[in-house]
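Architecture at a glance
In case you want the letters, here they are:
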Amino acid sequence: MADHRIVELVLAGSPYPLVRSDDVVQHGLALEVPEVCLRCSDRRCIAREGAPVEMPVESLCYRGRGYVRFTIEGETTTIVGLLSSEARKKLPRAAKKAAVDEEVVSRGALEWVRRAVSIADSMGRDLQASIRSAGGILHDVQASVSVLIRTAEQLVSAQGGVTEEENFERLSPKTRSLVKAVQVLKGRMAVAPLLSNPEAATFGQRHALPIYKMVDRLVRAFNAADSAGPNQLRLHGASSNKPTGYDSVETVAFVLLDNALKYSHQNHPVEVEVNDVGSGVRVSVTTMSPVVDEFERASIFKQGWRGRNGRAVASAGSGLGLYIAQVVAEANGFRVRFDCGGTEFVSGGVPYSRNSFSFRVG
Amino acid sequence: MVGFILKLIRSALNHGKVDALGHDVPFEEHKKRVRIVVVDDESSSFPTEGLRADGYAVDWWESINLARLKRIEQGDFDIVILDIQGIVAEGFSSTGDGLGVLRRIKENNPNQIVVAFSGQMYSVNSVPFFKLADDVLKKPVAVIECKELLDRLIKSQISVRAYWQHLTSQLRERGVSESRLRVLESEMVLANRKGKSISLEAFRDTVGTIESLHTTYGWVKRIAGLWQIIG
């Protein structure tokens, strides 16, 4: 099974096929709009149904041009204006002679497509094999974390109180910190699988989500686990709505809070707001954190991207958290929004502003 | 035939409804009657003891074989929590793992609630397993998440009314007449009043010899479980 990210890599690294239209030679991939030739009005060379790569280019217009369309992992590419040998043979004699070069280029384009699909398939299989190997190691890590979670739960329940909250309060501060650190670790482990399998964001049933309770639990976990650190999360607002969504919505909140603690300037608490909006719930996470330059803002949710000022403040980071958060948000039918304020001060040579990530469920 | 006619007359005189029984049980009591089995080769993965301490009736199997699969198919459990890897003791799973077991359970009884329980969310190959299940728990899991999911399933899908609908729907699909369904209902209500459940033999006498008799009788057993009736 191929991976569309590999397809992008293959396509970007391979020479584009060329298609000649009259005296103009153009990149085949650029011809995804009806600009191959303007000699007919119906543009049948851009039909909606796709021809499999294995078949010859289907001739669809009076000039014998057709197209090939191939799809890998849901990503579709169409190359139009191609001419097959069979189509060229059917052209009038003069046109047939003139179309020789075009047929050669079209054959090259088809061969390129076949190679791209074959390479993508092969690389996809290799990628899946690597993921399986990594999965074996991940399985052992999960087993160890499960033991930690069971131990933490037993520590809490052994306090003899009536409720879980009461039991938790009876623990020593260090034990409370340990229990919450295990919860945060568990949350981090939920993020990684979404990178290799984004469809996991839609596993399980959509159901009423107690968003405020969910965020409150995360805030308490981060605060208790980070008791030695300067940053704290402050939760505000009121919400009783329970919009429908997958459990993965919690991952969006987790990533934003984790991110906030990482980049927030010391001694500036992270402000978390949860409020009802109509029948939905809006969550916002606001920090005093490094300015994201205007030209960088469009990239903030891209895989592997990290801002210049953010890198200066926290050198370690994968640039994957916000990407995954947006993938999960879209799977749940909403998007995470980023707002960056103006520079308020400079610290350690890095400009800081009031920055906010927010999303609305329902 | 005479016996059936007598039952039919008795059912006309007895206006009891199966789904009217057991409605007034508080949730905390109701959840204790729901029978749950966890199939996972690693005992620490699932918070069995934590849930038992909270009143849930949880069994744990480290693997599944034909005999245990039959117990599931014959209605011994309301909820099955199923791992994907390392749980198949014999070669009866078409895929060699939990997906094959899940497919068999669902082919036999689509209304059996199965929760996929695995940490393999990273793999695209696991998608069929998670999508076929009724719900999902991802490893590693906290006890609070298990409670929230179980309570949600119990409130939405586990009731005498829901089970009665599954039972009558399956019986109608197997050609059992409405008159026989009325007799069955009457017999179940009468048995409930005596603190009993109807036997497999009495069930067969009433509905006739039908396909997948044991699987369908499993719904009678599940209803008896919610009524807290044994035998």
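Residues numbered from 1 in each chain as written. Chains lettered and ligands numbered in written order. Predicted model: local features only at pLDDT ≥ 70, side-chain atom pairs only at ≥ 80, totals over all residues. Heavy atoms only, no water.

What follows is about the packing of aromatic side chains. All names here are of chain A. Here the structure, examined in full by the defined rule, presents 11 aromatic pairs over all chains. Ring plane angle 35 degrees and centroid distance 4.8 Å describe the contact between phenylalanine 338 and phenylalanine 357, whose orientation is recorded as tilted. Here phenylalanine 338 is found in strand 11 (residues 337-347), whereas its partner phenylalanine 357 is found in strand 12 (residues 350-361), with 19 residues between them in sequence. Judged by relative accessible area, which is 14%, phenylalanine 338 ranks as buried. Accessibility expressed as a relative area gives 11% for phenylalanine 357, which makes it buried. (Phe/Tyr/Trp six-rings, centres within 6.5 Å; stacked < 30°, edge-to-face > 60°. Helix = DSSP H or I, 4+ residues; strand = E, 2+ residues; numbered from the N terminus. Buried < 20%, exposed > 50% of the residue type's maximum accessible area, 1.4 Å probe, protein only.)

Once that is clear, we can look at the sheet that holds strand 12 of chain A. All names here are of chain A. With respect to topology, 5 strands assemble into an open sheet ordered 7-9-10-12-11, the strand pairing being mixed. Both outer strands of the open sheet, strand 7 (233-236) and strand 11, are each paired with one neighbouring strand and no more. For this sheet the average axis-to-axis angle between neighbouring strands, irrespective of direction, equals 20 degrees. As paired strands, strand 7 and strand 9 (residues 270-277) are joined by 4 bridges and run parallel to one another. Paired with arginine 234 across the bridge in strand 9 is glutamate 271. Helix-sheet contacts for helix 9 (residues 249-263) involve strand 7, strand 9, strand 10 (280-290) and strand 12, and the interaxial angle to strand 12 is about 170 degrees. (Pairing = 2+ DSSP bridges. Axes fitted to C-alpha atoms, helices over the stretch in contact; angles between N-to-C directions. Contact = heavy atoms within 4.5 Å.)

This brings us to the side chain of A:Asn332. All names here are of chain A. Mapped onto the elements, asparagine 332 comes out in the loop between helix 11 (321-331) and strand 11. In this structure the side chain of asparagine 332 is engaged in a polar contact, spanning 3.0 Å, whose partner is the side chain of serine 248. Of note is the side chain of asparagine 332, whose polar atom sits 3.0 Å from the backbone oxygen of valine 328. Not counting the four nearest positions on each side in its chain, asparagine 332 is found in contact with Ala201, Arg206, Gly245, Tyr246, Ser248 and Val249. (Polar contact = N/O pair within 3.5 Å; in protein donor to acceptor, adjacent residues only side chain to side chain.)

Time to look at the interface of chain B and chain A. With 29 residues of chain B at the contact, the number on the chain A side is 33 residues. Each partner contributes to the roughly 2600 Å² buried at the junction of chain B and chain A, and carbon and sulfur atoms together form 53% of this total. Taken together, the connections running from chain B to chain A amount to 3 salt bridges. Of the charged contacts, one joins B:Glu148 and A:Arg217 as a salt bridge, the two residues approaching to 3.0 Å between their closest N and O atoms. The tally of links between chain B and chain A comes to 15 residue pairs in polar contact (both at pLDDT 80 or more). (Buried area = accessible area lost by both parts, 1.4 Å probe. Salt bridge = Lys/Arg side-chain N within 4 Å of Asp/Glu carboxyl O.)

Turning to the sheet that holds strand 3 (residues 79-82) of chain B, a few remarks are in order. Pairing between the strands of a sheet is mediated by backbone hydrogen bonds and can be parallel or antiparallel. Residues and elements named next belong to chain B. A sheet is described by the order of its strands in space; here 5 strands give the open sequence 2-1-3-4-5, paired in parallel fashion. The sheet is open, and its two borders are formed by strand 2 (57-61) and strand 5 (135-138), each paired with just one other strand. Sheet twist, expressed as the average angle between the axes of neighbouring strands with direction ignored, equals 20 degrees. Bridge count between strand 1 (residues 35-39) and strand 3: 4 bridges; the pairing is parallel. The residue of strand 3 that forms the bridge with isoleucine 36 is isoleucine 79.

Attention now goes to the nonpolar core. Counting 71 residues, the largest nonpolar core has A:Ile211, A:Val252, A:Phe359 and B:Leu82 as its most contacted members. Here this core takes 9 residues from helix 9 of chain A, the largest share from any one element. In this view, A:Val252 contacts A:Ala325, A:Val328, A:Ala329, A:Phe334, A:Val336 and A:Phe359; residues no more than four positions away in its chain are not counted. Formed by 45 residues, the second largest nonpolar core is a distinct cluster that contains B:Val34, B:Met188, B:Phe203 and B:Leu226. (Core = buried A, V, L, I, M, F, W, Y, C linked by side-chain atoms within 4.5 Å.)

Moving on to the packing of helix 10 (residues 200-207) of chain B against helix 11 (residues 213-226) of chain B. All names here are of chain B. In contact at an axis separation of 11 Å, helix 10 and helix 11 are set at 110 degrees when each is read in the N-to-C sense. Taken as axis vectors, helix 10 and helix 11 run roughly perpendicular relative to one another. For the pair helix 10 and helix 11, contact is made by Leu200, Phe203, Arg204 and Val207 and by Leu213, His214, Thr216, Tyr217 and Val220, respectively. When the residues that make up the contact of helix 10 with helix 11 are grouped by side-chain class, the tally is 6 nonpolar, 2 polar and 1 charged. (Parallel < 35°, antiparallel > 145°, perpendicular 65-115°, else oblique. Nonpolar A, V, L, I, M, F, W, Y, C, P; charged D, E, K, R; others polar.)

Now for the pattern of salt bridges. Residues and elements named next belong to chain A. Across all of its chains, the model carries 26 salt bridges over all chains by this definition. Aspartate 216 serves as the salt-bridge partner of arginine 220, at 3.0 Å between the closest nitrogen and oxygen. Of this pair, arginine 220 and aspartate 216 both sit in helix 8 (residues 211-225), separated by 4 residues, roughly a single helical turn. For the salt bridge of arginine 354 with glutamate 344, the shortest nitrogen-to-oxygen distance reads 3.8 Å. Taken as a pair, arginine 354 in strand 12 and glutamate 344 in strand 11 lie far apart in primary sequence, 10 residues in all.

Attention now moves to the pairing of strand 5 of chain B. Note: strand 4 (residues 113-118) of chain B against strand 5 of chain B, 4 bridges, orientation parallel. Counted as the bridge partner of B:Phe117 is B:Leu137 from strand 5 of chain B.

This part covers helix 11 of chain B. Residue and element names in this part refer to chain B. Between its first and last C-alpha, helix 11 extends 21 Å over 14 residues, near the 20 Å set by a 1.5 Å rise per residue. Helix 11 sits mainly inside the fold: 12 of its 14 residues count as buried. Those residues of helix 11 that sit buried are Leu213, Thr215, Thr216, Tyr217, Gly218, Trp219, Val220, Arg222, Ile223, Ala224, Gly225 and Leu226. Among the residues trailing helix 11, glutamine 228 stands out with phi positive, at a value near 60 degrees. (Expected span 1.5 Å × (residues − 1).)

Residues and elements named next belong to chain B. With respect to the secondary-structure elements, valine 25 resides in the loop between helix 1 (2-13) and helix 2 (27-32). Here the alpha-carbon distance between valine 25 and valine 183, two residues 158 residues apart in the chain, equals 26 Å. Once you skip the residues sitting within four places of it in the chain, valine 25 turns out to touch His30 and Arg33.

In this section: the environment of A:Val313. Residues and elements named next belong to chain A. For valine 313, the position within the fold is in helix 10 (residues 308-313). It is 7.1 Å that separates the C-alpha atoms of valine 313 and tyrosine 263, two residues lying 50 residues apart in sequence. Contact partners of valine 313, with chain neighbours within four places excluded, come to Pro290, Val350 and Tyr352.

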